[in-house]
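Examining the three-dimensional arrangement
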Amino acid sequence: MNTESTGNSYPNAQCDPREKGFAYILQYVKAAWNESMGMMGGMLYFGQNRYSEIRAYGLGKQSISKYKKILGVDDIQDNSWLNISWEVPPFLCKYRDIGLSLLYKKQLDIQCYAIDPLAKSEEDKWFNEMQIKIMMREAAQGTELENHPALQPQQGEPEDMEELAIQRKFGYKHVMAMEAEQAIQLIEQQNNIEEISKRVKDSLYDFGIGGYTTFIDENGMVKFREVVCKNLILSRCTKNDFSDLVHWGEVIEVRVPDLVPYFTAAQINDICVNIAGKWGNPKTFVPISGGGYNKGWNRFKVLVLDFKFLTWNDTVYKDEIDGRGNKRFGKTSFQNKKFINPKVEIESAEENTLEHDYHEPLDETKGREKQGEATPKYMSITKEVVYKTKWLVGTEYMYDYGLSENMSRKKSSWWKTPLDIQLYAYNFDEMMFSGMTEKLIPFEDDICLTWYKLQNLSNKLIPYIINMDLNALEGLNMGKGGANLKPSEAVDFIFQNFVALYRSTDLLSRNPNYKPVSIEATGQLAAFSQLYDKLRSNIDLMRQVSGLNEATDASTVNSHNLNSTNNAMIESTNNALYPIMNADRQLRLSLDDSIVMKVQIAVKLGKVEGYAKGLGDGTVKFFQINPDVSLYELGIFGEEAPTKEERAALWQEVSIKESQGLLDISDKIMVMSCRNLKQAAMLLDYKVRKNQEKQQQQQLQVQQQQIQGQQQQIQISEQLKQQTAAMAHQFAMEQINAQGQWTYQTELAKKESDINEANIQAQSKIIANQVMAQAKTDAAHIASHSHVTSTDIKGQNDLAMTAMDNEAKIQTANKKEKAA
């Protein structure tokens, strides 16, 4: 590859990697420098004056010398130019600020997904387990196993097949992907992504190109920064994402004392001699004898090209059997590459696995001349590598050169490594590009010229001319005594009283007199109007080119516009700014992809401990990264973050559903944590439907409980009625029974009384009969002994009758007591 400008050639890349040392790297960086000087368009470092000019226009600080030159301003000849303000009107600045503000508002959500086969199999395994668990849970409904803890969904697990489908589409995250996202967020936060991203957007808007660069610093921390486009040296590219870039560098100013650790005193003296009079350095330099530190070095600075380039390195391996019959495999001389059989290839790139048999088995008999010897097989690995250097421009010195450390590689393309720079130019062709600010410069120049002309015209504006007809003025006869007024007196009278008296004809109606004074407009008013229309036309053109309109350029929107009209105007501005937004999005995705690869390197090397200094809670998050993250390949995807208005609308919908009892706190948090509005809407719809179903089930359960309660109440009422009836029946039976008992007892008492009375009567009769019999016996005896016992017998009879009467009375009283 030869340079067209100077003839300096690039070194041969097809050489032994051990030969790619100081001379090789120096030759390459010189050839790249010379090629960039002759590159079409004079862009980047060799066109940095253009970048400074564009940025000055964007700030409203451009030089006004060319405007004065175009206007032919000569303060001596035309003093009216001294009275105008030469400040630049802030029209371009306004539209630039508004355009950048719209870009700043567009945020990007970064998502990581594990895309390698290992992660895919783990993902399928998880979804299969969840599907089986859901099927078992559905099959167990209505059984004793329905509430078994093993079947219940854990936190983050889907409840049914529908939620499983949603998670498969949006929600599932591999653990490595989540940890990678945490790492990206932490690294972006620590590097102040907000400010760096703003500067990149400024570069995209002004110049049409922007970029980042990533690296791992000496503390093992992943870092990134924006690249300053006006300091860049690039190889010729044809793609607007610079994916075909083979070398790049940044020109930086370095103080000579900072070179002391890398060079001897004699070399630094030689450097100062070579750069004297260049790049703002003193024109002379006087070395001091002794070779010690020279204070004169402090006055010098040198341009250093921090440079990296891609090349391919071939490593040759030999596979043989040694004299003892053992297989031997290892690196060999690069010169043996000519013996390589193109059919024999090494299938793996990991050098630490080359000790395994990743090649064809050795034929131990073919070519063997004696025991223990066989024809060796040669094979090679070709890997893309990055070399680095810091070259002192214009000298033969450089430092910090050699193979670059921590080269990024993906498992799917282990033989390639990208340069640690992410560039994008949305308007690009043959290394030429332009930004929005650059496109607005012609309108800004025309506006400034028109603005200055308007001021100058306003300063010497004569809007009208007063015409005076001297013949008419001299003929005015309004003086004392009929004398004619002098012209000066007539003019004074007219301007003092604003009254002009004249005759259109003379007394004989001949020789008509004209108006003594008339006012006529000049052509300057028309010129002023034309300039003003031109100014408004240029402003409108500038607004159209920038994609702004009355709905987006901070002006007042027509009150008669419909909402659809305003929305169409906003969409029109978004369409105009989309190329810049897309460029910013592509750069951000490339940056985060590079961050992930650097994090994998840092984790693999054990350098994440470098984050332990002063990071607080962020360190805990970063230490969650599994060392196995290097085993996975992660895809980086980005979606436009929702705006405040869109999130406000979602929040309002969530609040309404919450007030209706269709969402609980956990559902609300889950929905609002989704930055993807589509995912949030689907999740919101799902949660609302599930909660509606739960509410319907609860209402059905309440209704069933109410029906069951009513049925139970009816049953209880019926039971109470039956119990009441039973009790009434029992009471009636008891009453009847009591009455029967009472009747029975009464009749029984009567019968007993009758029986007792009959018994008494019978006893009385018996006793009476006995008494009568005894009396007769006694009477006989008495008769026989009448003179002796007549008196005694009569007394005994009286006593017996008295006793019988008393007995009868007692029995009657007892019967009455029983009856009571």
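Only a predicted model underlies this, so the values are computations on that prediction, with no experimental measurement involved.

Among the residues making up helix α12 (residues 487-497), those that are buried are Ala490, Val491 and Ile494. Across the axial projection of α12, the buried residues extend over an arc of 100 degrees, all falling on one side. Positive backbone phi, at 55 degrees, marks Phe498, one or two positions downstream of α12.

Our next topic: unusual backbone geometry. Even without being a glycine, Glu430 presents a positive backbone phi close to 50 degrees. The backbone of Met431 shows a phi angle near 65 degrees, a positive value even though the residue is not glycine. Position of Met431 among the secondary structure elements: in the loop between β11 (428-429) and β12 (432-433). Looking at Met431, the relative accessible area reads 1%, which means it is buried.

For the rest of this paragraph, the subject is the pattern of salt bridges. With the rule as written, the count across this model stands at 25 salt bridges. Among the ionic pairs, Arg543 bridges to Asp540, the shortest N-O distance being 3.2 Å. Taken together, the positions of Arg543 and Asp540, both in helix α13 (residues 524-546) and 3 residues apart, correspond to about one turn of that helix. The exposure class assigned to Arg543 is partly exposed, which follows from its relative accessible area of 23%. For Asp540, a relative accessible area of 29% gives the class partly exposed. Through salt bridges that share partners, Asp306, Lys388, Lys390, Asp400 and Glu405 make up one connected network.

A separate point is the confidence of the model for the protein. Note that predicted coordinates carrying low pLDDT should not be read in detail. Model confidence for the protein is summarised by a mean pLDDT of 77, while 73% of its residues fall at 70 or above. Confidence, expressed as mean pLDDT per element, reaches its minimum in the protein at helix α15 (residues 617-622) with 53 and its maximum at strand β10 (residues 421-425) with 94. In the predicted structure, residues 344-373 sits below a pLDDT of 50 and forms 49 contacts with residues beyond four places in sequence or in another chain.

A full pass over the atoms with the stated rule returns 0 disulfides. Unpaired in this structure, Cys93 has its nearest cysteine sulfur neighbour in Cys448, at a distance of 9.1 Å.

Moving on, we come to the pairing of β10. For a regular strand, the rule is simple: side chains alternate between the two faces of the sheet. The element β10 is largely enclosed, with a buried count of 5 among its 5 residues. Side chains Ile421, Leu423 and Ala425 project from β10 onto one buried face, and the interleaved Gln422 and Tyr424 project onto a second face that is buried too. Sheet topology places strand β2 (residues 209-216) next to β10; 5 bridges connect them, and they run antiparallel. Counterpart to Ile209 in the pairing with β10 is Ala425.

Take the nonpolar core next. Tyr205, Tyr212, Phe224, Met542, Ile580, Ile595 and Val599 are the most contacted members of the largest nonpolar core, which totals 49 residues. Per-element tally for this core: the top contributor is helix α14 (residues 563-604), with 12 residues. Filtering out sequence-adjacent residues up to four positions away, Tyr205 remains in contact with Tyr95, Arg96, Gly99, Leu100, Leu103, Tyr426, Gly435, Met436, Thr437, Ser546, Leu577 and Ile580. Leu232, Cys237, Ala425 and Met431 belong to the second-largest nonpolar core, a separate cluster that totals 33 residues.

Attention now goes to helix α8 (residues 193-207). For α8, with 15 residues, the first-to-last C-alpha span of 21 Å sits near the 21 Å given by 1.5 Å per residue. Within α8, 11 of the 15 residues are buried, which leaves it mostly tucked inside the rest of the structure. Of the positions making up α8, those classed as buried are Ile193, Ile196, Ser197, Val200, Lys201, Asp202, Ser203, Leu204, Tyr205, Asp206 and Phe207.

Reading the values: rules and limits
- Residues numbered from 1 in each chain as written.
- Predicted model: local features only at pLDDT ≥ 70, side-chain atom pairs only at ≥ 80, totals over all residues.
- Heavy atoms only, no water.
- Buried < 20%, exposed > 50% of the residue type's maximum accessible area, 1.4 Å probe, protein only.
- Helix = DSSP H or I, 4+ residues; strand = E, 2+ residues; numbered from the N terminus.
- Arc of directions from axis to C-beta.
- Salt bridge = Lys/Arg side-chain N within 4 Å of Asp/Glu carboxyl O.
- pLDDT = per-residue confidence, 0-100.
- Contact = heavy atoms within 4.5 Å.
- Disulfide = S-S within 2.5 Å.
- Pairing = 2+ DSSP bridges.
- Core = buried A, V, L, I, M, F, W, Y, C linked by side-chain atoms within 4.5 Å.
- Expected span 1.5 Å × (residues − 1).

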